[in-house]
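# Tertiary structure, described
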Amino acid sequence: MKFFIDTANLDQIKEAQELGILDGVTTNPSLMAKEGIKGTEAILQHYKNICEIVDGDISAEVLSVDFEGMVREGEELAALHENIVVKIPMVKDGIKALKYFSDKGIKTNCTLIFSPGQALLAAKAGATYVSPFLGRLDDISVDSLKLIEDIRLIFDNYMFETEILAASIRNPMHIINCAKIGADVITSPLASILALLAHPLTDNGLATFVADAKKLA
Ligand code: G3P
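Residues numbered from 1 in each chain as written. Predicted model: local features only at pLDDT ≥ 70, side-chain atom pairs only at ≥ 80, totals over all residues. Heavy atoms only, no water.

## Regarding the sheet that holds strand β4 (residues 84-89)
- On the basis of which strands lie adjacent, the closed barrel formed by eight strands has the order β1-β2-β3-β4-β5-β6-β7-β8 and parallel pairing. Strand-to-strand, the axes of this sheet are offset by a mean angle of 30°, without reference to chain direction.
- Pairing between strand β6 (residues 129-132) and strand β7 (residues 163-166): two bridges, direction parallel. Paired with Tyr-129 across the bridge in β7 is Glu-163.
- Packed on one face of the sheet, helix α3 (residues 40-53) meets β2 (24-26), β3 (57-61) and β4 and runs near 165° to β3. (Pairing = 2+ DSSP bridges. Helix = DSSP H or I, 4+ residues; strand = E, 2+ residues; numbered from the N terminus. Axes fitted to C-alpha atoms, helices over the stretch in contact; angles between N-to-C directions. Contact = heavy atoms within 4.5 Å.)

## Here we look at the environment of Phe-3
- Here Phe-3 shows up in strand β1 (residues 2-6).
- Relative accessible area serves as the criterion here: at 16%, Phe-3 is assigned to the buried category.
- Note: C-alpha distance between Phe-3 and Gly-24 (21 residues apart in sequence) is 6.8 Å.
- Those residues in contact with Phe-3, other than ones at most four positions away along the chain, are Ile-21, Leu-22, Asp-23, Gly-24, Ile-175, Ile-186, Ile-193 and Leu-196. (Buried < 20%, exposed > 50% of the residue type's maximum accessible area, 1.4 Å probe, protein only.)

## Notes on the packing of aromatic side chains
- Across all of its chains, the model carries six aromatic pairs by this definition.
- Summarising the aromatic geometry, the rings of Phe-4 and Tyr-129 are spaced 5.8 Å apart at their centres and angled 75° between planes, so their arrangement reads as edge-to-face. Of this pair, Phe-4 sits in strand β1 while Tyr-129 sits in strand β6, and the two are 125 residues apart along the sequence.
- Taking relative accessible area as the criterion, Tyr-129 reaches 1% and is therefore assigned buried.
- Members of the aromatic cluster, connected to one another through ring pairs, are Phe-67, Tyr-100 and Phe-101. (Phe/Tyr/Trp six-rings, centres within 6.5 Å; stacked < 30°, edge-to-face > 60°.)

## Section: the packing of helix α8 (residues 144-157) against helix α9 (residues 172-181)
- Taken N-terminus to C-terminus, the directions of α8 and α9 make an angle of 25°; their axes are 10 Å apart at the nearest point. Viewed along their axes, α8 and α9 adopt a mutual orientation that is roughly parallel. Taken as a pair, α8 and α9 cross one another with a handedness that is right-handed. Across the interface between the two elements, Ser-144, Leu-145, Ile-148, Glu-149 and Arg-152 of α8 pack against His-174, Asn-177 and Ile-181 of α9.
- Residue classes in the contact of α8 with α9 are distributed as three nonpolar, three polar and two charged. (Parallel < 35°, antiparallel > 145°, perpendicular 65-115°, else oblique. Left-handed = near helix turned anticlockwise from the far one by under 90°. Nonpolar A, V, L, I, M, F, W, Y, C, P; charged D, E, K, R; others polar.)

## Re a negative patch on the surface
- A grouping of Asp-11, Glu-15, Glu-18 and Glu-35 is seen on the molecular surface, where their side chains present a negatively charged patch.
- Turning to its location among the elements, Asp-11 is positioned in helix α1 (residues 10-19).
- Residue classification places Asp-11 among the exposed residues on the basis of a relative accessible area of 57%. (Patch = residues over 30% accessible without salt bridge, like charges linked within 9 Å, V, L, I, M, F, W, Y side chains within 5 Å. Areas by Shrake-Rupley, 256 points an atom, 1.4 Å probe, with all protein chains shown as cover. Salt bridge = Lys/Arg side-chain N within 4 Å of Asp/Glu carboxyl O. Lys, Arg positive; Asp, Glu negative; His and termini not counted. Charge placed at Lys NZ, Arg CZ, Asp CG, Glu CD.)

## Here's the deal with the pattern of salt bridges
- Under the definition given, this model contains eleven salt bridges.
- Asp-150 serves as the salt-bridge partner of Lys-146, at 2.9 Å between the closest nitrogen and oxygen. Residue Lys-146 and its partner Asp-150 are located together in helix α8, separated by four residues, close to a single helical turn.
- The class of Lys-146 is partly exposed, set by a relative accessible area of 42%.
- The class for Asp-150 is partly exposed, based on a relative accessible area of 23%.
- Connected via shared salt-bridge partners are Arg-152, Asp-156 and Asp-184.

These figures capture arrangement, not role.
Next comes the structure, spelled out in structure tokens:
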């Protein structure tokens, strides 16, 4: 399973990269706004900065919601670096844009996936990744893991190459459950990735080993 970090914060991206387990980065307009990035030039420069830190797929989201706008922005984003993946929202024009970029050999990530039918359409259009949002479904009492299971079954039935990129991860259990179901990728805030490290018995055991190590000196 690939690990992506879901942030536009360069310090957190560097920290995850230094762990040695990072395969890519996903961003969205909300995450970019959180970092105070404003204007086309600053946005494009920020993506270039991310590409310099991480050698893996970097999802950069278009801001337009019409086909022409998505194509114009997507081409500009894709020209920035070979690792840029054009992130496109799940709307009718988005499906057309996915097909357009797929035909041109440009990688895409279809975002805001909340149903198996949406994932199926995106895969048919040739999306490289689909991003089902777990946390936002759980927020409205819908079983997000069932969605991942359904998409996994559909993609496996027809051997779609589109990868399931589980997004809106809110806790380490989301990551474990996605790994059990067989999501290809999780994109997570740094905190949930680091939470995988934690176990009180590890902390206690290490404290004992450190104390006993002193007796060996
Ligand atoms: O990348 C989009 C997704 O991960 C958003 O997460 O926490 O805003 O639902 P969240």
